[in-house]
Amino acid sequence: MMFNIAIFASGSGSNAENIAKHFLSNPKLKITLIATENPNAFVLERAKRLGIPTFLFTMDELRNGSVLSKLIEQKIDFIVLAGFLKMVPVEMVRHFNNRIVNIHPALLPKYGGKGMYGDRVHKAVIAAGETESGITIHYVNEHYDEGDIIFQARCSVLPNDTPETLAQRIHELEWEHYPKVIETLLEKMG
Ligand code: GAR
């Protein structure tokens, strides 16, 4: 079976690019579009360079069902959130039941929830004096960061870490694992 995948991202898009490059070698997995609500997101530039169609939408379109209609029209089978910072509407979660995954830059259930994203997470982890952090890949449900956990990987938090140095270590874990975890999930589905 061939899977049409949509990646949603709100910012830089390093994960989106990394996943897209990884899947180039897999004829069964196609990144059909890269979607964002942020007209200034660098992920749009990355998509252009990779030759992947982009889909820029407004928050109204996300909430009123137009985004879901577009995904259905494009025959999307699976959604990957990669630094997408908005809530996925419940209609979309229901339509794509267990077919939306997210990556979170900490070890959920700690340091998750609304407003916990990117450097805010790393700042909170350092402020709490944690000696360990990591990544969590999970299914998306109606609540921020609460869907079933699929995979976690850990890394150290060093005494002299800043949010930036920790973010770099976390990104390296994300780049290593996210494409492989998605690939394994889709192979099981297909
Ligand atoms: C990633 O670290 C991802 O885990 C995080 O945003 C970053 C996006 O980086 N996501 C969240 O914080 C979601 N709550 P990227 O744009 O370079 O892929």
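Quick note: structure is the one above.
Residues numbered from 1 in each chain as written. Predicted model: local features only at pLDDT ≥ 70, side-chain atom pairs only at ≥ 80, totals over all residues. Heavy atoms only, no water.

### Brief notes about the site of the ligand
Then step 1. For the ligand, the set of nearby residues contains 13 residues, the closest of which are G13, S14, N15, G118 and E174.
Then step 2. Within the backbone of M116, an N or O atom sits 3.4 Å from a nitrogen atom of the ligand.
Then step 3. Within the complex, the protein chains bury 91% of what would otherwise be the 450 Å² of accessible surface of the ligand.
Then step 4. Elements represented by at least two residues in the shell around the ligand include exactly α1 (14-23), β5 (100-104) and α7 (163-189). (Near = heavy atom within 4 Å. Polar contact = N/O pair within 3.5 Å; in protein donor to acceptor, adjacent residues only side chain to side chain. Areas by Shrake-Rupley, 256 points an atom, 1.4 Å probe, with all protein chains shown as cover. Helix = DSSP H or I, 4+ residues; strand = E, 2+ residues; numbered from the N terminus.)

### Some details on the packing of helix α6 (residues 118-127) against α7
Then step 1. In the contact formed by α6 and α7, the axes pass within 9 Å of each other and the chain directions differ by 110°. In terms of axis orientation, α6 runs roughly perpendicular to α7. For the element pair α6 and α7, the recorded crossing hand is right-handed. Residues D119, H122, K123, V125 and I126 of α6 lie in contact with α7, whose contacting residues are P163, E164, L166, A167 and I170.
Then step 2. Of the residues in the contact of α6 with α7, the class split is six nonpolar, one polar and three charged. (Axes fitted to C-alpha atoms, helices over the stretch in contact; angles between N-to-C directions. Parallel < 35°, antiparallel > 145°, perpendicular 65-115°, else oblique. Left-handed = near helix turned anticlockwise from the far one by under 90°. Contact = heavy atoms within 4.5 Å. Nonpolar A, V, L, I, M, F, W, Y, C, P; charged D, E, K, R; others polar.)

### Topic: the layout of surface pockets
Then step 1. Volume-wise, the largest pocket comes out at about 750 Å³.
Then step 2. Around the largest pocket sit 36 residues that line it, and G83, F84, L85, Y117 and G118 are the ones nearest its centre.
Then step 3. Examining the composition of the lining of the largest pocket, we find that four residues originate from one element, α7, more than from any other.
Then step 4. Of the residues in the lining of the largest pocket, the class split is 15 nonpolar, 16 polar and five charged.
Then step 5. Approximately 180 Å³ is the volume found for the second largest pocket.
Then step 6. Along the wall of the second largest pocket there are 13 residues; nearest its centre are A20, L24, K30, I31 and I52.
Then step 7. Going through the elements one at a time, α1 and β2 (29-36) are the ones with two or more residues in the lining of the second largest pocket.
Then step 8. With three residues, the top contributor of residues to the lining of the second largest pocket is β2.
Then step 9. When its residues are assigned to classes, the lining of the second largest pocket shows ten nonpolar, two polar and one charged. (1 Å grid on protein atoms, 1.4 Å probe; cavity = no way out; pocket = protein on both sides within 12 Å on 5 of 7 lines; lining within 4 Å. Points joined across faces, edges and corners; volume = space filled by probe spheres on them.)

### With respect to the environment of T162
Then step 1. Tracing the chain through its elements places T162 in the loop between β7 (149-156) and α7.
Then step 2. Judged by its relative accessible area of 33%, T162 falls in the partly exposed class.
Then step 3. Considering only alpha carbons, one finds T162 and K123, 39 residues apart in sequence, at a separation of 7.7 Å. (Buried < 20%, exposed > 50% of the residue type's maximum accessible area, 1.4 Å probe, protein only.)

### Comments concerning unusual backbone geometry
Then step 1. Along the chain, L108 connects to P109 via a cis peptide bond; the corresponding omega equals 10°.
Then step 2. Unusually for a residue other than glycine, N98 sits at a positive phi of about 60°.
Then step 3. Summarising the element assignment, N98 is placed in the loop between α5 (90-95) and β5.
Then step 4. Its relative accessible area of 44% is what places N98 among the partly exposed residues.
Then step 5. Phi at Y111 is positive, roughly 60°, even though this residue is not glycine.
Then step 6. Mapped onto the secondary structure, Y111 falls in the loop between β5 and α6.

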